[in-house]
Amino acid sequence: MTATAANRLEGNSAIQNAIEEKSLLEQAIEQSQYSIYDKIVDPLAYVERMGKSFAHAGVAGCKSVAEGECLAWALLEMRINWIKFASEYHMIQGKPTLQAHAILARIRNAGATVRWINDGDDLVEASAEFTIGGQSQVVGYTMKNAKQAGVVKSDSGWDKNPAAMLRAAMTRKAAKM
C-alpha cells in the first residue's frame, strides 16, 4: 500500500470516527433533554406563582387560584407546558380531565375503529360502534342519562352545545369499558 493510500484510509477512518462521535453526542443529547421543570428550585413557590397566573388568565379553564395551582402541580408532574396540556386536557371542578377528542384519538391509536351511529345532533343521543380485536360494542349516551347524572345545568356546555357534550360523554363512557 502506498503512503498516499494509507493517508486516505487514515483520513477516512478519522472522518468515520468523527461521524460516530457526532452520532453518539446527538444520541446523548436526545436522551438527556432537560425540561424547564428540572430547573425549578422551589416547586411550592412555582406552584403558587403559576397558580395565580393560570387563574388570572383562565388557562385551560382555571377559574380560581386553587384550580391554577392544581394545574401547576399537574404540569410539574407530567413535565409538559400549559399549551400542550390545554390541547388535550381541561380543568373540570379543579381536576385535570382528558378532553373527549384526545380520548377518542387514544382509543383509535390502540387499534380500535369507531363507526358513528348517531352524532347527537338530534339532541337525544350520541352513539357509536367501537371495534377492537374483532369484537364490537355499541355505546350510547342520552340526554336522559345526562339529566339523571345531574350534569345538565343552565349556562353550561350542556346548555350551549348539547350535541358535542353528548358525543364527549359517550366517548368517556366507551373509554371506561
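Scope of this entry: the structure provided in the associated data block. (Residues numbered from 1 in each chain as written. Predicted model: local features only at pLDDT ≥ 70, side-chain atom pairs only at ≥ 80, totals over all residues. Heavy atoms only, no water.)

## Looking at the packing of aromatic side chains
Applying the stated rule across the entire model yields 3 aromatic pairs. For the ring pair phenylalanine 85 and tyrosine 89, a centre distance of 4.9 Å and an interplane angle of 15° mean the geometry is stacked. The two residues phenylalanine 85 and tyrosine 89 agree in class, both being buried. Taking the centre distance of 6.3 Å and the plane angle of 40° together, the rings of tyrosine 141 and tryptophan 158 count as tilted. With tyrosine 141 in strand 5 (residues 135-142) and tryptophan 158 in helix 7 (residues 157-160), this pair connects stretches of sequence that are 17 residues apart. The class for tyrosine 141 is buried, based on a relative accessible area of 15%. (Phe/Tyr/Trp six-rings, centres within 6.5 Å; stacked < 30°, edge-to-face > 60°. Buried < 20%, exposed > 50% of the residue type's maximum accessible area, 1.4 Å probe, protein only. Helix = DSSP H or I, 4+ residues; strand = E, 2+ residues; numbered from the N terminus.)

## Thoughts on the packing of helix 2 (residues 43-57) against helix 3 (residues 65-78)
Viewed as axis vectors pointing N to C, helix 2 and helix 3 meet at an angle of 125°, and their least axial separation amounts to 7 Å. Between helix 2 and helix 3, the crossing angle belongs to the class labelled oblique. Here helix 2 runs over helix 3; the crossing is right-handed. Within the contact between the two elements, helix 2 uses Pro43, Leu44, Tyr46, Val47, Glu48, Met50, Gly51, Lys52, Phe54 and Ala55 and helix 3 uses Val65, Gly68, Glu69, Leu71, Ala72, Trp73, Leu75 and Leu76. Classifying every residue of the contact of helix 2 with helix 3 by side-chain character gives 13 nonpolar, 2 polar and 3 charged. (Axes fitted to C-alpha atoms, helices over the stretch in contact; angles between N-to-C directions. Parallel < 35°, antiparallel > 145°, perpendicular 65-115°, else oblique. Left-handed = near helix turned anticlockwise from the far one by under 90°. Contact = heavy atoms within 4.5 Å. Nonpolar A, V, L, I, M, F, W, Y, C, P; charged D, E, K, R; others polar.)

## Observations concerning the pairing of strand 2 (residues 95-98)
Here strand 1 (residues 89-92) pairs with strand 2 via 4 bridges, running antiparallel. Along strand 2, the bridge assignment pairs histidine 90 with threonine 97. Remark: 2 residues form the turn of the hairpin made by strand 1 and strand 2, two consecutive strands paired antiparallel; glutamine 93 in that turn has positive phi of roughly 50°. (Pairing = 2+ DSSP bridges.)

## Quick word on the packing of helix 5 (residues 100-109) against helix 8 (residues 162-175)
Viewed as axis vectors pointing N to C, helix 5 and helix 8 meet at an angle of 40°, and their least axial separation amounts to 9 Å. By the angle class used here, helix 5 and helix 8 are oblique. The two elements helix 5 and helix 8 meet at a crossing, and its hand is left-handed. Listed contacts from helix 8 to Ala100, Ile103, Leu104 and Ile107 of helix 5 are Ala168, Thr171, Arg172 and Ala175. Residue classes in the contact of helix 5 with helix 8 are distributed as 6 nonpolar, 1 polar and 1 charged.

## Here's the deal with the sheet that holds strand 5
The 3 strands are arranged 3-4-5 in an open sheet whose pairing can be described as antiparallel. Looking at the sheet topology across the chains shown, the edges are occupied by strand 3 (113-119) and strand 5. When the angles between neighbouring strand axes are averaged without regard to direction, this sheet yields 15°. Sheet topology places strand 3 next to strand 4 (residues 125-132); 6 bridges connect them, and they run antiparallel. In the sheet register, threonine 113 faces strand 4, and the bridge partner there is threonine 131. Contacts from helix 5 reach strand 3 and strand 4, with the element oriented near 140° to strand 3. Sheet contacts for helix 8: strand 3, strand 4 and strand 5; angle to strand 5, the most-contacted strand, approximately 140°.

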